[in-house]
Amino acid sequence: MITHGDDLLISGAWLLGIGTLVGAIGQTRQTLTSTDLGKDLVLKGNGIEAVGNSLQAIGRSKMLNPENERTETYFIFGSWLEAIGNIADAVGIGMQLSGSVEEGIRTDAIGSGIQGLGAAIEAFGASLTEETISRSFEIKGNGLISAGSFLESVGNIFILNEKVRLGEHILLLGSWTQVFGAFILIEAFSLDPEPEPEKGKDGHNRHYSYANYR
């Protein structure tokens with residue numbers, strides 16, 4: 001059974017994938033040209049990611065029930081943190097484009113750190129649940145997004161310390177790491193959520209909702 005919460009999770013995952021890809025393309029252009037060319041794409045990518053994370057948080061909230069409340073809380077909190085981090089990233093990049101370069105880079109670094117923390121919390125929440133293929137993918141996907149976000153934070157710190165070329169290459173690595181993580185999450189949410197039907201005492205199949213299974 002597919003619930004409205006499931007639809008939001010899948011939609012959010014696709015937006016996350018699109019956002020990370022747009023941001024990575026922008027970061028690639030920026031790194032290769034050593035200019036601000038592509039920074040506008042990074043800004044747009046972070047905005048798309050923020051929407052995707054927000055949809056996932058709302059979807060998780062709709063799927064809450066007494067049986068999964070503890071673990072789903074990790075996902076909800078982590079998703080909102082990621083959304084906040086992406087918004088901070090977008091604000092920081094906007095500041096850089098408007099001329100407040102140093103303050104913008106600092107804001108971007110903080111935002112990426114918040115995003116990385118949110119993804120790490122989601123990965124931790126997934127590790128507390130019953131082991132399934134989809135859960136395994138969620139752990140890997142969020143783990144990569146977390147690692148990529150922290151790499152971006154480190155890259156911005158290097159830039160602040162006037163190690164610009166090294167910082168740009170670390171940003172590039174971090175952005176593409178997030179792309180891989182996001183598309184692993186899409187695969188996780190695209191898997192058939194229902195287990196094999198279990199026979200009840202009356203001989204009929206019992207069906208489980210996606211929310212209960214997860």
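What counts as what
Residues numbered from 1 in each chain as written. Predicted model: local features only at pLDDT ≥ 70, side-chain atom pairs only at ≥ 80, totals over all residues. Heavy atoms only, no water. Helix = DSSP H or I, 4+ residues; strand = E, 2+ residues; numbered from the N terminus. Buried < 20%, exposed > 50% of the residue type's maximum accessible area, 1.4 Å probe, protein only. Contact = heavy atoms within 4.5 Å. Areas by Shrake-Rupley, 256 points an atom, 1.4 Å probe, with all protein chains shown as cover. Salt bridge = Lys/Arg side-chain N within 4 Å of Asp/Glu carboxyl O.

### Notes on the overall build of the protein chain
Thinking step 1. Secondary structure assignment for the protein chain yields seven helices and two strands.
Thinking step 2. The helix and strand sequence of the protein chain, counted from the amino end, reads α-α-α-α-α-α-β-β-α.
Thinking step 3. Looking at the protein chain as a whole, 49% of its 214 residues qualify as buried.
Thinking step 4. Across the protein chain, every contact between residues at least 6 apart in sequence was considered, and the portion connecting residues at least 24 apart equals 71%.
Thinking step 5. For the protein chain, the computed accessible surface area is about 10,200 Å², with 64% contributed by carbon and sulfur atoms.

### Examining the pattern of salt bridges
Thinking step 1. Taken as a whole and judged by the stated rule, the model has six salt bridges.
Thinking step 2. Of the charged contacts in the structure, one is a salt bridge between E72 and R60, with a shortest N-O distance of 3.5 Å. Placement of E72 in helix α3 (residues 69–97) and of R60 in helix α2 (residues 39–62) is noted, with a sequence separation of 12 residues between them.
Thinking step 3. Linking E138 and R60 is a salt bridge whose minimum nitrogen-to-oxygen distance equals 2.8 Å. Of this pair, E138 sits in helix α5 (residues 133–160) while R60 is found in helix α2, placing the two residues 78 residues apart along the sequence.

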